[in-house]
Structure formats: C-alpha cells, structure tokens
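Structure at a glance
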Amino acid sequence: MASWLGGLGSGLGQSLGQVGDSLSSLTGQISSFTKDILLEGAEEVGDAATELHVSNSRLREIESINAAQKLENDRLKKVCSDLEEKHEAAELQIKQLSIEYRNQLQQKEVEISHLKARQNALQEQLQKVQTAAQTAQLGAGVLPAATASASYVPEVRHSSGFEGDDMDFGDIIWSQQEINRLSNEVSRLESEVDHWKQIAVELKQNLSQEIDEHQHELSVLQDAHRQKLVELSRRHREELREYEERIEELENRLQQDGVSTDAVDDPKITEQKKKAQSPDGGQVEELRVVKDLEDEIRKLNHQLSSAKAENKNLLKEQEFAKLEKIQIAQDYEKLKSDFEALQRSVAEQDAPLKEQKQLQSKTSLPQDVVSLQQALLEAENEIARLSSLNQGLEKELTSAQHKHENILSPNTEDQNSEINQLRQDLERKEHELDESIAERETLIAELEELDKQNQEATQHMITLKEQLSKQHTETDSIIKQLKLDIDCERKKVSELETEKMKAIKELDSQKEKLSHCSYALNDLHITKQQLQDNIKDLQEQLRKTHECNSQSKKEIEELQQRLKEREEELRVSLSKLTEKSNEESNHTCQDLILKDREVEIAKLQNDVSENKRINEDLQKSMSNLRIENGKLMAAIEELKQELSDAISEKKKVHLEKDTLVEALKMEKRQLESELNETEKRLLEQARNYEKTIEDLSKARSMDTSALQLEHERLVKLHQEKDFKLAELKKTIEQMELDHQETKEMLTTSLGGQKQLTDLIKEKEVFIEKYKNQTLQAKQELEEYMKVSKKQDVLKQNLEEKDRSLAVMKEENNHLKEEIERLKDQQSRSTPVVEPKTLDIIIELESEVTQLKVIKNNLEEEIKVHKKTIEDQNQATVKLQQSLQEQQKEIDESKLQCQQMNVTHERLFLEKDEEIKNLQKTIEQIKTQLHKERQIIQTDASDLFQETKVQTLNGENGNEKHDLSKAEIERLVKGIKEREMEIKLLNEKNVSLSQQIDQLSKDEVGKLTRIIQEKDLEIQALNARVSSASYRQDVLSLQQQLQAYVLEREQVLAVLSEKTRENSQLKTEYRNIMDMVAAKEAALVRLQEENRRLSNRSENSSQEMSRETIQNLSRIIREKDIEIDALSQKCQTLLTVLQTSSTGADNGAGGVNSNQFEELLQERDKLKQQVKKMEEWKQQVITTVQNMQHESAHLQEELHRLQAQISVESDSTSRLQVDYNGLIQSYEQNEKKLKSFSQELAQVQHSIGQLYSTKDLLLSKLDLVAPSVATAATVSQLSGVQCSPPEALSEESKLLQNELEQLKKKLQEKDSTIRILQENNQRLSDSVATASEIERKSQEGTESEMRQIKEKHDVLQKSLREKDILIKSKSDQLLSVSENLSNKENENELLKQAVTNLKERNLILEMDIRKLKEENEKIVARCREKETEFRALQETNMQFSMMLKEKEFESHSMKEKALAFEQLLKDKEQGKTGELNQLLNEVKSMQEKAVTFQQERDQVMVALKQKQMESSALQSEVQHLHEKEQRLNQELERLRNHLLEMEDSYTREALAAEDREVKLRKKVLILEEKLASSSTAVENASHQASLQVESLQEQLNLVSKQRDETMLQLTISQDQVKQYALSLANLQMVLEQFQQEEKAMYSAELERHQKQSAEWKKKAENLEEKVVSLQESLEEANAALDAASRLTEQLDIKEEQIEELKKEGEVRREMLEDMQNKLMNLMNSTEGKVDKLLMRNLFIGHFHTPKNKRLEVLRLMGSILGLKKEELDQLLSEEQRGVTRWVTGWLGGGAGSKSVPSTPLRPTHQNIFNSSFSELFVKFLETESSPSLPPPKLSVHHMKPLGAAGTGKTSSTPPNSQMQDSPVSGMGRRPDANPFLAPRSAAVPLITPASSSGHLLMKPISDALPTFTPLPVSPDASAGAVLKDLLKQ
C-alpha cells in the first residue's frame, strides 16, 4: 500500500508540477497578452482617432468651403441675372434714345428742307428781279407815252397771281385744320378703342365666369338627376323582385288551398262521413284554415304597408321633382337676366359699330327664349300628369285598404266564401300590380323624356352661349379691324424707324465686335486658369504616385523581411525536427509525426512561393507605375511649354493693345481740344449775332433822323461779317484737315483691329487645342479617381487583414508551440494517450488550413481596399482643386462687381454734369426766345439787312428752342450732330450772303428811302389785319391750353399711381424684412440646437467608450490578480504534495491539518470570486440595457431632427412662394415703369409739337400784314412832272418857226378850244366830286385802321397772356417731370432693396443648406457611433469569451483543488468514500458550468437581438436619408425651375447647371456605391463575426487540451514584444513621414497662394486695361460715327456748293446778257420821242395861262434837251411872235426823250399848291433815284383788280437800277410762310411772253386813253391844267 501510495503521490506530484508550471505560464501569458492587446487597441484607437479627427476636420473644412463656394456661385448667378436684366433695360433705354434722336434728326432734316426752300425762294427772287429789270428797260425805251397802259397791265398780273396764292394758302390752312381735327379724332378713336377693349375684356371675363357657373350648375343638376334615376331604377327593381317573390309564394299557397278545397268540396259524401266520424278533426282543419288566412291577411297588410311606403317615396320624389322644377325656373330666370344683361352689353358694344347685327340678334334671341319657355311648359305638364298618376295610386291604395278592412270584418263561419273572396282579391291585386308595373314603366319613360328635354334645354343654352360667343367674336373682329388700322399707321411710323434701326445695327455690330474681343480675352484667361489647374492636378498626381511608390517599396521591404524571418523560422524548425527525429528514432510513432511535419513543411513552402508570386506582382505593378509616371512627366512638360507659348503670345497681344489704346487716347484728346475750340467759336458767333439783333431792334425803334448813323453801323457790321466769314472759312479748312487726319488715324486703328481679330482667331485655335487636351486629361483624371477610390477601400481592407494576420500568426505560433508540447508529452507519456493527441493534431491542422484560407481572402480584400483608398485620396485632392478654382472665380467676380460699381458712379457723375450744362443751355435758350418774342411783338416788319443775320441766327434759336423740349439726359450726342448741321447751314447762308453782298454793293446809299417806304408798307399792312385769322389762332391756342391741362392731369394721375406703387413696395419691403429677420432668428436657433446636439452626442459617445474601456480594463486586472493567487495556491499545494510524497517514500507520509484548513479557506475565497463574477455579469447586462436606452434616446433625437427638417422644408417652400410673388411684383413694377416712361416720352413729344405749332402761329401772326389796296397809295411818283431845263439853245429856232405857224392857225383852232374848255369844265366837276368821294373813303379807312389797331393790341395782349400760361404750364410740367424722376429714383432704390432681399434669401437658403449638411453630419456621426457601438459590442463579446475561458480555467483549478483535497483526505483518513463526494462536487461544478454556458448563450441571443434592432434602426436611418434625398431633389427641382425662369436668357448658366446636375448625379452614384460597399463590408464583418463565433466555439472545445500547450506561450510573448518594438518603430517612422508630408503640403500651399495672388493682381490689371480699352473703343466708335456723318454731310454740302456755283455762273451769264440787251435798248431808244407826250405838252401849253407858259416852255425844252441859253433866247423871241414857237415846236421833236407819267399819291394833299416846276423837279428826283418794285403783299389781304381804285403805277427804272433791282427783290421779308414758295415782288410791266412785239409798234387800242382837245378858259390856272393833264 505504501509503495502504491508513493507511486501515486509521485505521479500526482509530477502531474501537478506540470499543471502548476503550465498554469503559471498560462497566467503570465494571458496577462501579457491582454496587456499587449489593450496597448495595441489603445494605440490603434489613438492613431485611428487622430486620423479620423484630422480627416473629419478636413472633410468639414472642405464641405464648408464647398458650401461657401456654392453659395457664392448662386449669388453670382443671381448677380449675373440682375446684370442681364439691367443690360436689357439699358438696351431698351438706348432704343428709346435712338428713337428720339431719329425724331430730332427728322426735325433737323425738315428744317434743312425749309432752308433749301428759302434758298430756292431767294433764287427765284433773283430771277424775277432780273426779268423785272429787263421789262423795265424795255418799257423805258418803247413806252414813253403809255402811262395808263403801263399802270394797268401789271395790276391784272398782280391780281391773278395773288388770287392763286390766296387759294393755296387757304387750302394749306384748311388742310392743317383738317389734319389737327383728324389727329384729335384719331386720338379720340384710340381712347374709345381702349375703352371698348377694356369693356370687351371685362365682358369676356364675365361671360367666361357665367358660362363656368352655368356649366357647373348644369353638371350638378345632371349628376343629381342621374343619381335619382339610378336610385329609382334600383328601388323599382327591388320592388319588382319582392313582388315576384310574393306572387310566387301566393301561387304556391293557392295551389295548396285548391287541393284542400277539391278534397273538401268534390266528394261531399266523404266529408259527411268524416264529419260523422270525426267532428273534432274538422274543427282542427277549420282552425288551420283560419290560421292560414290570418297569415295571408298579415302578409297582405305587410304588402299594404310596403305600398304605403312606396307611395311616400313617390310623394318624396314628386316633391323633389317640384324642387327641381323650381330650381330650373330659378336657373331659367337667372339665365334670362344674364341673357338680358349680355344683350345690353352686346347692344352697347355693337351700337356704334353695326346695328343690323344687333337687330338680327334681337330677333333671334327672343325666339330662343320662347323655345325655352315652351320646353318648361311641357316639363310642367308632365310633372302635373305624374302627380295625377300618384294621386290615382294613392286612391287605389286607400280602396285596397278599405277592402282589406271589409275582408277582416266578417266572421270565420263562412270560410269557403271568404276563401273565394280572397282569391278574387288576389286576382285583383295581381291586376293592380300589373297596372302599377305598367304605370311604373310609363313613369320611367316619362322621366327619360324629361331627361331628354332637360338635355335639349341644356343644348339650347349651349347654342345660346355659342351665339353670344359668335357675337363676341364679331365685336372682336371689328376691334381687330380698328387695331389693324392703328397698326397700319404704326407701320408707317415703323417704316420711318427702319432707317434708325440700321444705324443701331451698325452700333450693335461694333458692340458685338467689342464683346467678342472681351469674350476672347475672358476665354484666354479661363483657358489659362484651366491649364494651371491641370498642371497642379498633374503635379499632385505625380506626388501621389511617388508616395504610392515609396509605400509599395516599404511594403516590399517589409515582406522581404517577413520572408527572411519565415525562412529563419523554417530553418530553426527543420533543425529542431532533425534533432527531434534523432532523439525520437526509438519510438514507433515517429513516422507519422515526420509525415505530418513534411506536410507542414510543404504547406509552408507553398506559402513562401505564394509570397514570392505576390512580390513579383508587386514589382510588375511598380514598373507599370514608373512607366505611367514617366508618361505623366512628359505630358506635364508639354503642357508647361504650351503654357509658356500662350503667355508670350498674350504678352504680345497686351503690348499691341496698349499701343492701340494710347494712340486712340491721343486722338481722343486732339478731337476734344478741337471740339472745345469750335464750341468757343460758335459761342462767340452767337454772342455777336445777338448783339447785331439787339442793334437792329434798337434801330427799328429809332427815328428817321438817326437812320444815317445806323446805316454807318450797318456798313461796319457788314465789314465785320466779312471778316468773320473769312475766319469761318479758315476754320472749315482746319476742320477738313483734322477730318483727313482722323480718317487716317481711323484707318490705322481699323488695321490694328483687323490684326487683333487675326490674333484672336489664332488664340481661339490654340484654346480649342488646349480644351481637347484638358478633356483628355480630365478623362484620365477620372480614371485615376476611380482607381484611387478602389485603392482606399483596399487599403482599409489591407489594414484589417494585417491585423487579422498578426492575430492568426500569433495563434499559429501558439498552436505550433502547443503541438510541440503535445509531442513532448506524447514522447514522455505512455502510448495509451497517443490516439487522443493524434486527433487533436489533426483538428489543429484542419484549423490551420482554414485560417490560411481566411488569411489569403483577407489579403485579397486588403489589396482591394488599398486601391479604393488611393482613389479616394485622389478624389479629395480634386475636390480641393475645384474649391480653389471656385474661390478664384468668386474673387474675380467680386472685383468685377466693384469695377462695375465704380464705372456706374462715374457715369452718374458725368450725367449730373451734363444735366447741369444742359439746364444752363436751356435757360440761355429761353432768354434768347424771350428776346426774339419781344422783337417780334415790337416789330411788325423786317429791315432788308435782317436777312443776312436772321438766316444765320434765327435757325440757331429755333433749333435751341426745339431742343429745350427734348429730354435732358438724352441730348449729349445729338447736340454735337446739330452743331455740325448748324455749321453747314451757316456755310450755306454765308455763301448766299456773299451773293447778296455782291448784288448789294450799290445799295448802301439808298437804304434810308427804302426804310421810309417800308414804314409806309407797315402802316398799310397794319390797316389790313384780318380778324378771322386771329380768331382761329385764338381758338387753336385755347385748344392747346386744354390739351396742356389734360396732359397735366394725366401726369398728376401717373404721379399718384407712382406714389401708391412706392407705398406698396415699401410695405412689401418691410414685410419681407420682417420675414427675413424671423428666418434669421430661426436659423440661429437651429444652429445652436445643432451645436448642442453634436456636443451632447460627442460627449456622450466619448464618455461611454471611456467608461466601457475602463470597466473592462478593471475587470481584466482583477482576473489577472485572481489567476496569480490561484497559481500561488497551486504552487503551495505542489510543495505540500512533494513534501508528502517524499515523506511517503521515506515512510513518514504525514500532512499537516493546517494546510487542509488553508485549502478549505481558499475554496471559500474561490466561491466568493465566483459570486463576484456573477455580479460582474449583471453589471455587463445593465450596461447593455443602458446602451439600449441610449439608442432609444438617439432614435428620439432622430425623429426630432426629422420634424425640424420637415419644418425647414415648409419654411423654404413658403420662402420660395414669397420669392416668386416678389419676382412677379417686381416684373409688374418694371413693366409699369416702362409704360410710364413711354407715356412721358409721348407727353414730351406732344409738348414739343405744341411748342412748334405755337412758334408757327407766332410767325404767321408776324407775317399777317395787308398789302394790296395800298399799292396805289404807295406809288413812288408824285405827279406828272417834266424834266428840268437843260441845254435848249439848239431847238429854239425850230420852236420859233413852229410858233409862227401856230399863230397863223390859232384862229382856226379857237372853235376847237372852246369845245375843249367845256369838256374841261365837265371834267373838273367830275374830278371835284371824285376828290370828295376819295376824302370820305380815306376817312372811313382811317377809322377802320384805328379799330383794327385796337383789335391787334387786344390780340397781342391775349397772346402774351397765353404765352405766360404756356410758360406756367411748361414749368408745372418740368416740376412734374422732376417729381417723376424722384419717384423713379425711389423705385430704383426699392429695386436695390429687392435685390438685397434676394441676396438675403440666397444667404438664408445657404444657411438652410448648411443646417441640412450639419444634420447629415450628425447622422453620419450617429452612424459612426453605431459602428463604435458595434465595435464595443464585439470587444465586449471578446471579453465575455475571455471571461468564459477564465471561468473554465477557474473551474478546472477548483476541480483540481478539490481533487487534491480529496487525495489529502484519503491520505489522512484512508477512505475512498470521500472520492465519491469529490466526484459529486465535480459533477455539480460541471452542471454549474453548463448553466453558465446556457446563460452565456442567452446573453449572446440577446446581443444578436440588439444587433438586429440596431440594423433595423440603421434601415430606418437609411430610409430617412432617402426621404431627405427626395426632399433635396424636390428642392433642387424647384431651384432649377427658378433658375430656368431667371436664367432663360443665358445658355452658359444652363450649361453650368447641367454640369452641376451631372456632378450631383455622379456624387449620388458614388454615394450609392459607397453605401453598397459599406453594406458589403458590414456583411463581410457579419460573416467574419459568425466565423469567429464558430472558431471560438471550436476553441472552447480545444481550451481543455490547450492547458498542456501553455508553456510555448513564453516564446510567443517574446515574439510579441519584438513585434511591438517593430510596430513602435514603424509608428515613429510614419509620424516622421506625416510631418514631412505636412511640411511639404504647407510649403506647396504657400507657394500656390502666392501664385494665385500674383495671378489675381495680373487679372485685375488686365481687367482695368480691358475697361480702359472698351472706353477708348467706345469713344473711337463715337468719333468714327461723327466722322462718318461729317464726311457724308461734307460730301453733300460740297455737291450743293458745286451746284450753286454752277447756278451762279449761269446767273452771271444771264446777267451779262441782260446788261448787253439793256445797253442795246438804251442806245436804240435815246433819239426817239413819244408822240403822245409831245401832243399833251403842246395842248397843255395852250391850256396854261399866259403868266405861266414860260415855265411850260422851259420844261418842254428841258425834256427835249435844250440848254438854258437857247431856252432864254427862244423865250425872248417868243414875245415877238407865236408862229416861230409853233413851227419850232412842231418841227423839233426828233431828239426828245420820253418820260412816263406817274399818278399823284393820294397822301400828298398839298400837291396842287406848289408850282409846276417844283413838282417836275421832284418827279425827276424820284425818277433818278432807284425805286424798289411794289412790295409783296400778304395773301390774305390782296384785292382783285376792281378793288384797286386809283392806284395805278408805272415806273421806268434807269440804267442805274439794273444792278440794284435783284437786290431789292432779295430785300424781302424772310419770315414768309414756309408752306409757300415766295413769289417775286417785282412784277414786270409787260412780260416778254405776253406780247411778241413792242406796244409802240401796235395800233392804239381802246384800252389806252387818248387826249381830246379841250377849250381853255381864261380863268383856269396852271394847276387845273396840270390836273387835267395828269388825269388824262
């Protein structure tokens, strides 16, 4: 026994020692392993956390930058759209300006045509003056005695000519009045058309509304009717079914009753027998029959009740029908009233247009009404018939009820009779049912007929509506015809505007050229930026490839190191195997072990070969990457070269542009200086002209005594004007030279522009090439992006697989060590244990193969993840680049906006200055106009010299006055063009004035007499002012005043509307501001809540993770402490056993009881620890529950966030609605503003027209001057006078001879003298009566003259008052226009406010987007927290598995301790029963372990449930994300719609949006791919977790056998330490590498920022240059336009000058011919004497008294050219005898000259008191002085021939008048009527066309008066004789 016990003790001691060693090594290894795992986890978590934090921060920054970029992009789009709207508004303003300029040009062309007409009039006057001179010369030579004829013929001419003029002028005035009337009618018709249009629109709206209402009512009625029909048919069918069922039941019962009655009635014997036999049975049968009858009666009662119900239903239907009838009647009345209203409206519309249609409509419409009434009557009749039928049914029902009551009344005795009656009743009921069914069918048919009639009525209504619509269409057609008429008139206007459009097109073409140049420059900048970005992208890609190469090299080195280590391990293992094979050669199982080892070696060799293959693949990929790097480097070099070329070309282009700009600036300065000089000269000229006008006005008011001084002043002014003309010629020559220079400069600039265009084309070709290259590079970049994303994914997978590989390697090492230990144990142990170890080894090998397969899969996944990681890195780099590009674009756009603001401010300042200048010019023009009006009012006639000045200066005044009416802001360019036209007109007038000066050199001495004659003409004209024309003018002025008042009221109405609109806009603005403030406050709240939520989530998640990690580390430390304590206990037990075994061997064999007590205490402690473990398990369960609660809270937060998102989406939708409304209101306001501006332009145009009409009326009033009747009074001849006596010595002898002969014949002539005296007395009486009549007529004319002067003064006063009124109205108009401009400024401010609000809206939208992005980030954080939660759960699972392992270990230790205790007790007591107790305890412990395992399984199931719940939550989160995406898509759709509405004008914006949409789609696709990849990763992780669980279960099975393999863990711990050191080194290297990368990145970022700043500066400089170039180009274009106009006008004027020169040469030739003819005539008529004159003189000599005969003789001698001496001798000889004087008188008539007789002027009343010689001297003086032709009289006051009483003039101008006569024709008033071509004032005595030969050559006609000899009374004086002579 002792030996046995000793052997057992030694065996136990060895086994326990081994167990203790294994436990100690196990505990140490477990503690170190857990520490390393925790350290690694902490390190990995730390690295991952830092990397995640950095990446998250970068992502946030990138997302914030991206959001800001998007915001700024949207804002810039809005700004672009606003700028485009402004551009369109500016284009509209430019169009309006061009229209006004065209109108002004047309006005100027009209003025030019008037000037041309005036020039033609002057030329015609020249021609007529020349013809008058010719005829005068002819009359002087050939008509010496034809006094009466010469004064008679031109009167006829005058009368005929002026009558025609009068008719022409009257026609013109009438046509003007007609035109005014027609224009008023057109305006009235237009207003009426607008009114009718409004009425038609209102009627259409009302019609459409009424038609809709009627259709709605008809549809409702039809629906109700259909429903009722359906209900009736349904009820009818149900009742029919019930009736049929009842009939069938009654038939069945009748059949049964018939059988029973047959059985009773037919065999009466049987009945009697039965009665005899069984009287009780008969009673029973009778009772049954009675019961049946009662049942039938009940059924009949039921049927009656149902019939009553049906009657009630029919009554209800009847009521419904009545109600429908009432409704139909109401509808009919409504339709009738509507129809009548429509009839009235149609009648009102068609009354002025077409009455026949109205009559037709009136006749047709009542017929429709009658038809409707008939249809309603028919419907009422049918309803009455239905009601009568219902009443019949009710009566029948009541009769049936009475019958039933009668049936119920009799007794039950006569049952057979009752049965018969019931049968009869049943038959009757059946008949009644059939009748009711038939009636029902008839009712249904009638209802259908009613339906048809209702439908017919509706169709009739529809036809009525169609007729009304036709009538409306007819009215619309009439309105369209009126519109077409208006359109025709507008087309005429548009045809006039086509010429304007051509000029606008030219301007647009030049603008397009400029825009093309600017677009080309912008494209160059864009391409440059794109190329720079591409270069940056390529550089970053190269860096990435270098980094990837370095990483791949490092990985290859690491793999090579690992291969070396594996080879070393293989060598070590081979050496060990050889040693073991040498040692274990004795054993039998060595062959099997060697085979296993060889299999392992083969597997390891396969692994090595696979690693080599992987290395080769990596080397191949490295070579491919190097090749790609080389290609990329070559491409980058090519791009750099192309960039350098492009930059050099751009520099060249900029230099060329700079030179061109400088040249254009120089040209502009020169042109400006020249323009300033010309403006100064023009101002000086205008001042000089004004001075001359003032001098002339003073000269008019001065007396005739100061006329000589004024004459001298005028001569001086003529000289000054000549000097000024010379200066003007010089300036014109200078302008021509400047024009040539500008032409040359423009040709050079055009050449430069062509060069620029060629360069731009070349640049466009280069840009296209670069675009193609960039597209290729973009495609390559996209491919690289995809590859990088794949690499990123593969990198992640690789990291995970590396971790799993490390774990698997460690496990492999552990397994190898365990296998070695097992082999050692097998070698040590007995061969009985070998089959178990073999099974374990086989299982471990199968696990190793499975793990290797898993390792290979993980490595492949790692590669894929690396690729995806690289792709993602490239994508992030590209996103950063795009963000930089967007920032650059935003900066550029900001700079552009600033520049635009600066340019706008400059333009506003320039406009203000121009407005001030124009106001000054307008004031000057007003002052000038006022002066001119004063001059016109004071002076009713014009001097001759005024023609020279007024032709130059009056046009300036008129033009300036016209300009004062146009809009102030649009006169800058037009004034310059007008100044050029004024210069050209001045040149024309200068040429004309030169011609006049050439003709008026001899006129200077005769101006005073002409002025006197003008005064006489003025008096005559004042006498003939007509009152009718003044009344017409006053009426026209009153109409103008009314029109002004109406226009003022319209403008005030417009102002009131503007103020209302402003107030509305202000209120809208305030509301929008309030909305915006509310939205901002809401946004701030949401942002704060988001921040709080994010902080809470982060804090909570971090605290949770920290707490869980701390709890787990604490638990693991406690477990380590427990395991150390257990190992110490095991060692103490081993020592005790060893001591006991040694004692047993020696024979002592005793153990202390204290040690057993200690063991029992330790067992108690272990139980307490088990309780602690259970408590810890409960704590874990509570933590899981807390996590569940936290997930619930997260769900609630998610729901709350969803609600917030929905609220935000609602707010965004409301904002969008408000924004749309604002946009619509803004567009409406803009339209109203445009319409108001157009109305203003029309009003101003009408004001200008009124001003022009007023000027015309004033000019007409000045021109109105009577001229006809005073032609006789304004004769230049004072009486019949004789020439003064000259040399008469030659003819004295002849006269003496004649006197002697006459003395002889005196006696014969006495009788004839007496007869002549009688005749003379009669004539004197008649002359006295005629003189009295003339005096009376003169007095009457003087009184009329006074009245007319008074009327004239009154009218002038009224005119002045009207002028004052017009001025006040114009001032009011100006104030109204200023108010309008202020309102427009306020509107512009409101527009700016609206734009600011739009920007705020955009900012709010961006804030909303940011909040949504933050929500998305929060959701992403939640997902991260969920992943962390899963990771924590996995770690928790791992720790739980570890705890289970520890529990199993503790259980095994406890079992061993119990076994030791039992052994010790066996040793002490020597009993075997306790062993059984120990076994029972072991079983109980095993059962506890099983329960623990079950609890563990339950916990696992709960965890799986929680995982399922978390997956469900994730699905809900994904669903919410999808909802958010849908909402975002809807928002994007709305925004796209808004952008399309706003950016419909720009295609580029659409293209950009399409790009954005494509990018968003790509992003969505990428997100979907990411989601799919994440789901795949989750699935893979789930599968891996499942595999890990299966492996853990297998490991749990193997954990019992792993106790023996724990010795080899020490070696693995050393290896783990080495790995940890290598990992630390790697981390240090990685940190250094990251720091270097950060430094590189920062340096590159700084460099790029510097480059971007330089490029921005360059871009700013280039933009400034472009702006200056654009300004210079615009100026050059304006100069080009002005130069082209100048050249065209110069060419036209040169042609006109050449034509005028030709005409002047022709006129000079004509003048020379006329002079020659006149000289010939003078030479031919010198020696001729008129017979009539001599006869009159001869007779007059004898009629004169003897006292005064000497004077007559001297006069006759002077006429005949005798000297004074000869006359004295003759007179001395005359006293001697008469015969000699008579013979001399009769003999010497050869050399006498003829002088025409002139009648006396009526004004000279003292003419008969003076002597004959004085009168004759005066006559000769008047004849020697050159007389003007008769003045041109006004057309209104010309009288016909009969009205010219005694005024008959004839004058023969001498030679001196030949040159003066044309000038006298030129000296006419220039203010003639512009509608008539002026006629010549000088009418010849006899035109050459009127008579082929001379009058002297013809016989004396009856028209010519002849003298008859009169007897002379001795009392008659010389005056009486001269009177008689003059009268004859």
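Residues numbered from 1 in each chain as written. Predicted model: local features only at pLDDT ≥ 70, side-chain atom pairs only at ≥ 80, totals over all residues. Heavy atoms only, no water.

**Details of the overall build of the protein chain**
- When you go through the protein chain residue by residue, the secondary structure sums to 25 helices and zero strands.
- Buried positions account for 37% of the 1928 residues belonging to the protein chain.
- Across the protein chain, the fraction of contacts at a sequence separation of at least 24, relative to all contacts at a separation of at least 6, is 94%.
- In the structure as shown, the protein chain presents an accessible area of about 114000 Å², 54% of it carried by carbon and sulfur atoms. (Helix = DSSP H or I, 4+ residues; strand = E, 2+ residues; numbered from the N terminus. Buried < 20%, exposed > 50% of the residue type's maximum accessible area, 1.4 Å probe, protein only. Contact = heavy atoms within 4.5 Å. Areas by Shrake-Rupley, 256 points an atom, 1.4 Å probe, with all protein chains shown as cover.)

**With respect to the pattern of salt bridges**
- Evaluated as defined, the whole model comprises 37 salt bridges.
- We note a salt bridge from Glu72 to Lys894, for which the minimum N-O separation is 3.9 Å. On the criterion of sequence distance, the pair formed by Glu72 in helix 1 (residues 2–142) and Lys894 in helix 9 (residues 834–938) is long-range, its members being 822 residues apart.
- Of the charged contacts in the structure, one is a salt bridge between Arg226 and Asp223, with a shortest N-O distance of 4.0 Å. Within this pair, Arg226 and its partner Asp223 are both found in helix 2 (residues 147–265), separated by three residues, close to a single helical turn. (Salt bridge = Lys/Arg side-chain N within 4 Å of Asp/Glu carboxyl O.)

**Section: the nonpolar core**
- Counting residues in each nonpolar core, the largest one holds 19 residues, and the members touching the most others are Tyr1044 and Ile1247.
- Counting only elements with at least two residues in this core, the list comes to helix 13 (1027–1146), helix 14 (1153–1263) and helix 15 (1292–1469).
- By residue number, the principal contributor to this core is helix 14, which donates nine residues.
- Residues Leu1733, Leu1753, Leu1755 and Met1756 belong to the second largest nonpolar core, which totals 14 residues. (Core = buried A, V, L, I, M, F, W, Y, C linked by side-chain atoms within 4.5 Å.)

**A closer look at the packing of helix 8 (residues 707–828) against helix 18 (residues 1609–1725)**
- As a packed pair, helix 8 and helix 18 sit with axes 12 Å apart at the nearest point and diverge in direction by 165°. Here helix 8 is positioned roughly antiparallel relative to helix 18, judged by the angle of their axes. Like other packed secondary-structure pairs, helix 8 and helix 18 cross with a definite hand, here left-handed.
- Split by residue class, the contact of helix 8 with helix 18 holds 10 nonpolar, seven polar and five charged. (Axes fitted to C-alpha atoms, helices over the stretch in contact; angles between N-to-C directions. Parallel < 35°, antiparallel > 145°, perpendicular 65-115°, else oblique. Left-handed = near helix turned anticlockwise from the far one by under 90°. Nonpolar A, V, L, I, M, F, W, Y, C, P; charged D, E, K, R; others polar.)

**Regarding the packing of helix 19 (residues 1731–1743) against helix 20 (residues 1749–1760)**
- Where helix 19 contacts helix 20, the axes come no closer than 9 Å and their chain directions differ by 165°. For the element pair helix 19 / helix 20, the angle class is roughly antiparallel. The handedness of the crossing between helix 19 and helix 20 comes out as left-handed. Residues Leu1733, Met1734, Leu1737, Phe1738, His1741 and Phe1742 of helix 19 lie in contact with helix 20, whose contacting residues are Arg1749, Val1752, Leu1753, Met1756, Ile1759 and Leu1760.
- Its residues assigned to classes, the contact of helix 19 with helix 20 shows 10 nonpolar, one polar and one charged.

**Quick look at helix 19**
- Between its terminal C-alpha atoms helix 19 stretches 18 Å, which fits the 18 Å expected from 13 residues at 1.5 Å a residue.
- For helix 19, the buried fraction is high: 10 of the 13 residues fall into the buried class.
- Those residues of helix 19 not exposed but buried are Leu1733, Met1734, Asn1736, Leu1737, Phe1738, Ile1739, Gly1740, His1741, Phe1742 and His1743. (Expected span 1.5 Å × (residues − 1).)

**Focus: a negative patch on the surface**
- Among the surface-exposed residues, Glu506, Glu733, Glu736, Glu1688, Asp1691, Glu1694, Glu1695, Glu1698, Glu1699 and Glu1703 lie close enough to one another that they form a single negatively charged patch.
- With respect to the helices and strands, Glu1703 occurs in helix 18. (Patch = residues over 30% accessible without salt bridge, like charges linked within 9 Å, V, L, I, M, F, W, Y side chains within 5 Å. Lys, Arg positive; Asp, Glu negative; His and termini not counted. Charge placed at Lys NZ, Arg CZ, Asp CG, Glu CD.)

**As for helix 20**
- An ideal rise of 1.5 Å per residue puts 16 Å on 12 residues; helix 20 measures up with 16 Å between its terminal C-alpha atoms.
- Among all positions in helix 20, only Val1752, Leu1753, Leu1755, Met1756, Gly1757, Ser1758, Ile1759 and Leu1760 are buried.
- At the exit of helix 20 stands Gly1761, carrying a positive phi of roughly 85°.

**Quick look at a positive patch on the surface**
- Positive charge collects at one region of the surface, where Lys786, Lys790, Lys863, Lys867 and Lys1569 lie side by side.
- Of all the elements in the fold, those that place two or more residues in the positive patch are helix 8 and helix 9.
- Within the secondary structure layout, Lys1569 lies in helix 17 (residues 1547–1598).

**Some thoughts on the side chain of Asn73**
- Within the secondary structure, Asn73 sits in helix 1.
- Other than its neighbours up to four places away in sequence, Asn73 contacts Gln886 and Glu889.

**Details of the environment of Ser1246**
- Here Ser1246 is to be found in helix 14.
- Taking the C-alpha atoms as reference, Ser1246 lies 9.2 Å from Glu1047; in sequence the two are 199 residues apart.

**Focus on the side chain of Asn1090**
- Residue position: Asn1090 is located in helix 13.
- When neighbours within four sequence positions are excluded, Asn1090 is seen to be in contact with Leu1201, Leu1411, Glu1414, Asn1415 and Ile1418.

**Observations concerning a nonpolar patch on the surface**
- Taken together, the side chains of Phe320, Leu323 and Ile326 present a nonpolar region at the surface, about 280 Å² in accessible area.
- Tracing the backbone through its elements, the reader meets Phe320 in helix 4 (residues 279–350).

**Comments concerning the packing of aromatic side chains**
- Enumeration according to the criterion identifies one aromatic pair in this entry.
- Geometrically, the ring pair formed by Phe1738 and Phe1742 is edge-to-face, given 4.7 Å between the ring centres and 80° between the ring planes. With Phe1738 and Phe1742 both in helix 19 and four residues apart, the pair spans about one turn of that helix.
- Relative accessible area serves as the criterion here: at 18%, Phe1742 is assigned to the buried category.
- Here the guanidinium or amino end of Lys554 rests over the ring plane of Phe1633, the centre of that ring lying 4.3 Å away.
- Over the ring of Trp1655 we find Lys1658, and its NZ or CZ is 4.5 Å from the ring centre. (Phe/Tyr/Trp six-rings, centres within 6.5 Å; stacked < 30°, edge-to-face > 60°. Lys NZ or Arg CZ within 6 Å of the ring centre and 35° of its normal.)

**With respect to the confidence of the model for the protein chain**
- Averaged over every residue, the pLDDT of the protein chain is 77; the share at 70 or more is 77%.
- Per-residue pLDDT, averaged within each element of the protein chain, yields its smallest value for helix 24 (residues 1860–1866) (40) and its largest for helix 18 (90).
- Overall, residues 1147–1151 carries pLDDT values under 50, and its contacts beyond four positions in sequence, including any with other chains, amount to nine contacts. (pLDDT = per-residue confidence, 0-100.)

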